[in-house]
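Below, each chain spelled out in residue letters.
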Amino acid sequence: MGFILKLLIYLSVCACARCSPEIPWLPCQFTDEEVFVSVNNFTETRLIPREAMLQFGQKGDAAVNPQAVTFLITGSKLDLRRYVEGVEADKLKCELRRYSTEGIGVRWPAQRGKAYNRWFLCTLKHSMGLFTVNSFLRHPSDEHPPGQKDYHQWPVIPDREILTTTVAMVLKTQYPNVKAGLMSQQKLHCQFAVDHKAANITVEWHRQQRGERIGLFSYSSRSGRTKGTGVGLKVLATGDASYILPMTKMNNVGTYICSVSVNPLYTSVDVNLHIEEPPRVSLNVDSKFVTQMDRKHKVVCEAENYYPLDVEITWYEQDLSLSGLKVGAPLPKVLQNVLMSSHKHNKDSTYTVSAFFYLKASLADSGRQFTCSVSHQSLRVPIRKSFILIVEEQSNLMFNLAVVLIVITLVGVLCMLAVWRSGRRR
């Protein structure tokens, strides 16, 4: 009984360890700003990089790094660590900036106590580009916002300052870079959360392409109006603002921008859509190519309907009789007499190209394997197509038939000459 109790306690501790957030703090790059009027009477901004820490804990906790500016994130309905769950701290890139509300002094619904706020935008990115998380940190303050151009009078943040904050809003995309094939359905991920219910939220999707910004979808919870398609309203109510492309085409390529605003806050994440279509590879000969010695053939390897343009085609030759040796087996040899066709631009904007060589085989070449290898950025491994060459001697039957035909022709000609001469004598 005691053993079972200890086992249950152990399992519950392990379960709690898995559930508990793993990241207690993160080093961050805090880009502070100093706005000033230049000698030419222009308003300019000087960016000041400062050392900062994003620390999770309770109000009154000591700073992990006393030398840095500490943004102490205390408990709220939103736990920022949940959006980077399972990722090691050294894989995260943390950036912090001040956020201007342009003089909008709205009391935040989840706020208690102090009437005003100072806002900071925190961005967490995976070092391998796997996700992007934007969040707003709210720092309560008794100071009234300085007005529309609040960035002219940013409150000074001293070194070693501890700013106690809470997470007010989060916007995340799980896949900032999406690679899609043609004619496929794609989901461009975007999710958001706010620390209070019944928030007046505006969600929008735009596509940026060749300098042009195109509106795709918009929704306002205040008015209930929806414009465009691609986002489900039922899932939107749960914070899922993902955009669905029903069928990807070449003109869908671009940067898709998911934005969410809750007065006075606005933020967005970018999703870059790339089209990658793998090539279809074919040879103009069968897997066993039978020919006669000294006959010349054009052997073609064609890569069809791929995108983007760059593709690499290599022909190899290998003697299969030697490839089975355990020691000293020669590697496939790259053919040097290969020619490339010009690229063909297809109607669907994909490309086609071929690599070919002229083969004049001897009996010694019989049994050799020829392989075409095609590499493209859409492929994890190259596509390979091979054929085995079988060379035969010229048929004796055909040779004999040819001799007989020649003899018959000559006899016929001689007979005709004899008849003609006898006719003249008479």
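Asks: Explanation requested: the sheet that holds strand β11 (residues 201-209) in the structure shown.
Replies: Strand pairing in a sheet takes place through backbone hydrogen bonds and is either antiparallel or parallel in direction. Reading across the sheet, the six strands line up as β8-β16-β15-β11-β12-β13 and stay open at both edges, with mixed pairing between neighbours. Each of the sheet's edge strands pairs with one partner strand only, and the pair in question is β8 (177-180) and β13 (226-228). Between one strand axis and the next, the sheet turns through 25° on average, direction left out of account. One ladder, built from eight bridges, connects β11 with strand β15 (residues 254-262); its direction is antiparallel. If you follow Gln208 over to β15, its bridge partner there is Thr255.

Asks: What exactly am I supposed to notice about the pairing of strand β19 (residues 296-306) here?
Replies: Within a regular strand, side chains alternate between the sheet's two faces. Direction of pairing for strand β17 (residues 280-283) relative to β19: antiparallel, over a ladder of four bridges. Counterpart to Arg280 in the pairing with β19 is Glu304. Pairing between β19 and strand β24 (residues 351-360): nine bridges, direction antiparallel. Counterpart to Ala303 in the pairing with β24 is Val353.

Asks: Mind showing me how you'd approach the layout of surface pockets here?
Replies: It is a probe the size of a water molecule, rolled over the atoms, that shows where empty space is left. Volume-wise, the largest pocket comes out at about 480 Å³. What lines the largest pocket is a set of 17 residues, among which Thr74, Arg112, Arg138, Pro140 and Thr166 lie closest to the centre. At the level of secondary structure, the elements contributing two or more residues to the lining of the largest pocket comprise β6 (132-141) and β7 (162-173). Counted by class, the lining of the largest pocket contains three nonpolar, eight polar and six charged residues. In this structure, the second largest pocket spans a volume of roughly 310 Å³.

Asks: Explain the nonpolar core to me, please; I cannot follow it from the model alone.
Replies: Note that soluble globular proteins tend to have their nonpolar side chains buried in a common cluster. Ranked by size, the top nonpolar core spans 32 residues in total, and within it Leu188, Phe192, Ile201, Trp205, Tyr243 and Tyr256 carry the most contacts. Mapped onto this core, the elements with two or more residues apiece are β7, β8, β10 (191-194), β11, β12 (212-220), β14 (243-245), β15 and β16 (265-275). Not counting the four nearest positions on each side in its chain, Tyr256 is found in contact with Leu188, Trp205, His206, Arg207, Leu216, Tyr243, Leu245, Val269, Asp270, Val271 and Leu273. One finds Cys28, Leu80, Tyr83 and Leu96 within the second-largest nonpolar core, a separate group that totals 29 residues.

Asks: Honestly, the environment of Tyr316 in this entry has me stumped. Any pointers?
Replies: Mapping Tyr316 onto the fold places it in strand β20 (residues 312-319). Of the residues examined, Tyr316 reaches a relative accessible area of 28% and is grouped as partly exposed. If sequence neighbours within four positions are ignored, Tyr316 has contacts with Pro332, Lys333, Val334, Leu335, Gln369, Phe370, Thr371 and Ser373.

Asks: Help me understand a nonpolar patch on the surface in this model?
Replies: Judged by side-chain polarity, Val413, Leu414 and Leu417 come together as a nonpolar surface patch covering roughly 270 Å² of accessible area. Relative to the helices and strands, Val413 is located in helix α4 (residues 396-425).

Asks: Can you help me understand the pattern of salt bridges in this one?
Replies: Any two side chains of opposite charge can pair if their charged atoms end up close together. Taken as a whole, this structure holds 11 salt bridges when the rule is applied. One salt bridge in this structure joins Lys179 and Glu276, with 3.8 Å as the shortest N-O distance. Of this pair, Lys179 sits in strand β8 while Glu276 is found in the loop between β16 and β17, placing the two residues 97 residues apart along the sequence. Residue classification places Lys179 among the exposed positions, given a relative accessible area of 59%. Among the ionic contacts, a cluster of salt bridges with common partners joins Asp32, Arg50, Arg98 and Asp159.

Asks: Just to check I follow, could you spell out the sheet that holds strand β21 (residues 333-334) for this structure?
Replies: Read across the open sheet, the five strands follow the order β18-β26-β25-β20-β21; overall the sheet is mixed. Every interior strand has two partners, whereas the edge strands, β18 (288-292) and β21, have only one. Summarising the sheet, β20 and β21 pair through two bridges and their orientation is antiparallel. For Glu317, the partnering residue across the bridge sits in β21 and is Lys333.

Asks: I keep staring at the side chain of Ser100 and nothing clicks. Help me out?
Replies: Mapping Ser100 onto the fold places it in the loop between β4 (92-99) and β5 (116-126). Within the structure, the side chain of Ser100 is placed 3.2 Å from the backbone nitrogen of Glu102, a separation counted as a polar contact. Excluding anything up to four places from it in sequence, Ser100 contacts Asp150, Tyr151 and Trp154.

So, how was this worked out
- Residues numbered from 1 in each chain as written.
- Predicted model: local features only at pLDDT ≥ 70, side-chain atom pairs only at ≥ 80, totals over all residues.
- Heavy atoms only, no water.
- Pairing = 2+ DSSP bridges.
- Helix = DSSP H or I, 4+ residues; strand = E, 2+ residues; numbered from the N terminus.
- Axes fitted to C-alpha atoms, helices over the stretch in contact; angles between N-to-C directions.
- 1 Å grid on protein atoms, 1.4 Å probe; cavity = no way out; pocket = protein on both sides within 12 Å on 5 of 7 lines; lining within 4 Å.
- Points joined across faces, edges and corners; volume = space filled by probe spheres on them.
- Nonpolar A, V, L, I, M, F, W, Y, C, P; charged D, E, K, R; others polar.
- Core = buried A, V, L, I, M, F, W, Y, C linked by side-chain atoms within 4.5 Å.
- Buried < 20%, exposed > 50% of the residue type's maximum accessible area, 1.4 Å probe, protein only.
- Contact = heavy atoms within 4.5 Å.
- Patch = residues over 30% accessible without salt bridge, like charges linked within 9 Å, V, L, I, M, F, W, Y side chains within 5 Å.
- Areas by Shrake-Rupley, 256 points an atom, 1.4 Å probe, with all protein chains shown as cover.
- Salt bridge = Lys/Arg side-chain N within 4 Å of Asp/Glu carboxyl O.
- Polar contact = N/O pair within 3.5 Å; in protein donor to acceptor, adjacent residues only side chain to side chain.

Such coordinate-based values are descriptive only and should not be taken to indicate function.
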